[in-house]
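# Structure assessment
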Amino acid sequence: MAALIRCSQCQLPYPKDQTPHRCSCGGLFGYAELPHYQASMVNHRLHGMWKYAAMLGLEEDSPVVTLGEGDTPLLKSTLNGREIYFKMESQNPTGSFKDRGTAVLLSFLLSRGIREAVEDSSGNAGASFAAYAAKTGLLGTIYAPESTSGPKQRQIEMYGANLVRVPGPRSEAARAVLTAVGEGRVYASHAYMPFGLAGYATIAYELVDSLQGAPGVVIAPVGHGGLFLGVMMGFESLLRAGEIDRMPYFVGVQAENCSPIVSAFHNGDRECHETHVSKTLAEGASVANPVHAKAILDRMYSGMGIVTSASENEIIHAYQILAHLGIYCEPTSSLSITPLLNDKISAIGTVVSIITGSGYKTNTIL
Ligand SMILES: [Zn+2]
């Protein structure tokens, strides 16, 4: 695994015996490309995303921490007279796509002998981390914004993790966790550490398996961008392996109230600059400084797709439309259909919208 992960600035390989969340030079550790997809290595006797264990980047003798993530339904539906598929990531064990990433991250941490760690989250990643920590007996502390929805806070605490409620915006929780890290705690960051990307890539593998080929368009919400990037990298792996003969068109969606990557894209920038952000119903995508902005923008400029945004009214409208299709998701997930409702894209071929989290996690009445 370490050989595949390098610092994006100084190219230092990920260390073989520690668990840093960033390189000592300040750079971000990342995959230049994911572990190669090999059809012959897919183990159909294993459950869920662990069919793709050989592509998750874990050492062969790594412990496996699982709660049954992956193999989520691909639901065929109709939206505005057009056929659409919903990838129901809300049906993962803790109710969000984060479980795919957390399963890989926790398996990695366990393989390095880590028994205690801290994490920060707007809610879903924290709940996911707390559940997998409970499964392994790892002692977890989650720093979350005070404004995190009640059900998510309750979920984190029920799993037995310590929950530290941080007043102020999401960035304050990130600041608070860094203080703990400065005191020597292991930072199991779902955002900075690259391990989860290999987990999110399994969504691409499952889609191609279900559809017997690449979809035309894949739409997903973008916060830090781990899901969007991981899925794109999964399709890149499939293309390199010859499993698909073309890439889908990717559409990443942010809330207008917090859309740093969209702003950078419109300005032609390769990185995000400080942008004004305000509260949004799409709390899961409310990230002012997205970790994966550069990797996503590079791909958008290379023609792989676009990033776009939705207003709060569009989010509410999409949320209600999904519910009327029988899909109860959190408002963040409804970003996955807003570009289809406001004609920001003219979709070609099969459209897949990723439903990232369950509606049971929200306490907002819309
Ligand atoms: Zn470095």
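The rules behind these values
Counting starts from 1 at the beginning of each chain's written sequence and moves along it residue by residue. Note on the predicted model: pLDDT of at least 70 is required for a residue's local features to be given, and 80 or more for side-chain atom pairs to be given and counted; whole-chain, interface and lining totals, by contrast, use all residues. Only heavy atoms go into the side-chain values, all of them from the structure, while hydrogens and water stay out. Pairing between two strands requires that DSSP report at least two bridges joining them. Only DSSP runs of H or I covering at least 4 residues are called helices, and only runs of E covering at least 2 are called strands; the numbering of each starts at the N terminus. Each axis is a line fitted through C-alpha atoms, taken for helices only over the stretch in contact, and angles between the N-to-C directions span 0 to 180 degrees. Note on donors: an N, O or S atom is included if it sits within 2.8 Å of the metal, or within 3.2 Å for Na, K and Ca, and water is never included, so sites can look incomplete. Square planar and octahedral assignments, for four and six donors respectively, both demand that opposite donors be over 155 degrees apart and that all other angles lie between 65 and 115; tetrahedral needs four donors with all angles between 85 and 135 degrees, and anything else is irregular. Under the scheme applied here, a residue whose accessible area is under 20% of the maximum for its type counts as buried, over 50% as exposed, and between as partly exposed, the area being computed with a 1.4 Å probe on protein chains only. Only protein atoms enter the 1 Å grid used here. Points where a 1.4 Å probe fits but cannot escape make up a cavity, open sets with protein on both sides within 12 Å along at least five of seven lines make up a pocket, and a residue lines them when an atom lies within 4 Å of a point. Grid points are joined across faces, edges and corners, and a volume is the space filled by probe spheres set on the points. Each residue is assigned to one class: nonpolar for Ala, Val, Leu, Ile, Met, Phe, Trp, Tyr, Cys and Pro, charged for Asp, Glu, Lys and Arg, and polar for all the others, Gly among them. Side-chain atoms within 4.5 Å link the members of a nonpolar core, which is a set of buried Ala, Val, Leu, Ile, Met, Phe, Trp, Tyr and Cys residues. By convention here, the domain bounds are inherited from an automatic or database domain assignment. Between two residues, a contact is recorded if the distance between any of their heavy atoms is within 4.5 Å. An expected span of 1.5 Å times one less than the residue number is assigned to each helix. Angles below 35 degrees are treated as roughly parallel, those above 145 as roughly antiparallel, those between 65 and 115 as roughly perpendicular, and all remaining angles as oblique. Here is the rule for handedness: rotate from the far helix to the near one, and if that takes an anticlockwise turn smaller than a right angle the crossing is left-handed, while a clockwise turn gives right-handed. Here the arc refers to the directions that run from the helix axis out to each C-beta atom.

Strand order in the open sheet formed by three strands is β5-β6-β7, with parallel pairing between adjacent strands. On the outer flanks of this sheet lie β5 (116–120) and β7 (162–166), each paired with one strand and no other. Taken over all neighbouring pairs, the strand axes of this sheet differ in orientation by 15° on average, direction set aside. Of the pairings in the sheet, the one linking β5 to strand β6 (residues 139–145) comprises five bridges and is parallel in character.

Turning our attention to the coordination of the zinc ion. Around the zinc ion, the protein contributes the donor atoms C7 (SG), C10 (SG), C23 (SG) and C25 (SG), which lie 2.3 Å from the metal centre. If you look at the zinc ion, its four donor atoms make angles of 101 to 118° with each other, and the shape they trace is tetrahedral. The class for C10 is partly exposed, based on a relative accessible area of 40%.

The next subject is empty space enclosed by the protein. For the structure shown, the criterion picks out two cavities of 30 Å³ or more. For the largest cavity, the calculated volume is near 290 Å³. For the largest cavity, the lining is made up of 25 residues, of which F97, K98, G223, H224 and G284 are closest to its centre. Here the lining of the largest cavity is composed, by residue class, of 10 nonpolar, 12 polar and three charged. Its boundaries defined by the atoms lining it, the second largest cavity holds a volume of some 50 Å³.

What tends to happen in soluble globular proteins is that the nonpolar side chains get buried as a cluster. Among the nonpolar cores identified, the biggest contains 100 residues, and Y205, F228, V231, F235 and I296 are the most heavily contacted of them. If one sorts the elements of this core by residue count, helix α5 (residues 195–211) sits on top with 10 residues. Of the residues that make up this core, three or more belong to each of domain 1 (1–32) and domain 2 (74–95 + 193–361). Leave out the neighbours within four places in its chain, and F228 touches A220, V222, F250, V251, G252, I296, M300, I306 and V307. Core analysis: the next-biggest nonpolar cluster, separate from the first, contains eight residues, V166, V177, A180 and Y187 among them.

With that settled, the discussion passes to the side chain of R170. Within the secondary structure, R170 is located in helix α4 (residues 170–182). Here R170 falls in the buried class, since its relative accessible area comes to 13%. Discounting chain neighbours no more than four positions away, the residues touching R170 are D120, S121, S122, P145, H190, H224 and S286.

So, on to the sheet that holds strand β4 (residues 82–88). One open sheet holds the six strands; their spatial order is β3-β4-β11-β8-β9-β10, and the pairing between them is mixed. With partners counted over all chains shown, the strands left at the sheet margins are β3 (74–79) and β10 (305–310), one partner each. Geometrically, the sheet is characterised by an average inter-axis angle of 25° between neighbouring strands, direction not taken into account. Pairing of strand β8 (residues 217–221) with strand β11 (residues 351–355), which is carried by three bridges, proceeds in the parallel orientation. Looking across to β11, one finds that I219 is bridged to S353. Against the sheet, helix α9 (residues 312–324) makes contact with β3, β4, β9 (249–255), β10 and β11, and its axis sits at roughly 100° relative to β10, the strand it touches most.

It is worth spelling out helix α6 (residues 226–240) at this point. Because each turn of an α-helix spans 3.6 residues, side chains separated by three or four positions end up pointing in the same direction. If you check α6, its first and last C-alpha atoms are 21 Å apart, about what 15 residues at 1.5 Å a residue would give, namely 21 Å. Most of α6 sits out of view: 13 of its 15 residues are buried. Once α6 ends, the next one or two residues include G242, with phi positive near 80°.

As a packed pair, helix α2 (residues 124–136) and helix α3 (residues 150–158) sit with axes 8 Å apart at the nearest point and diverge in direction by 20°. With respect to each other, α2 and α3 are oriented roughly parallel. Crossing hand, α2 versus α3: left-handed. Packed against α2, whose contacting residues are N124, G126, A127 and A130, the element α3 presents K152, Q155 and I156 at the interface.

On to the pairing of β6. With six of its seven residues buried, β6 lies for the most part within the structure. Looking at chain direction, β6 and β7 are connected through five bridges and run parallel. The residue of β7 that forms the bridge with A144 is R165.

To continue, consider α4. Counted at 1.5 Å a residue, the expected span for α4 with its 13 residues is 18 Å, and the 19 Å between its end C-alpha atoms agrees. The set of residues buried in α4 consists of R170, A173, V177, A180 and V181. One side of α4 holds all its buried residues, which, seen down the axis, span an arc of 100°. Turned more than 90 degrees from where α4 packs its buried face, R175 and G182 sit exposed.

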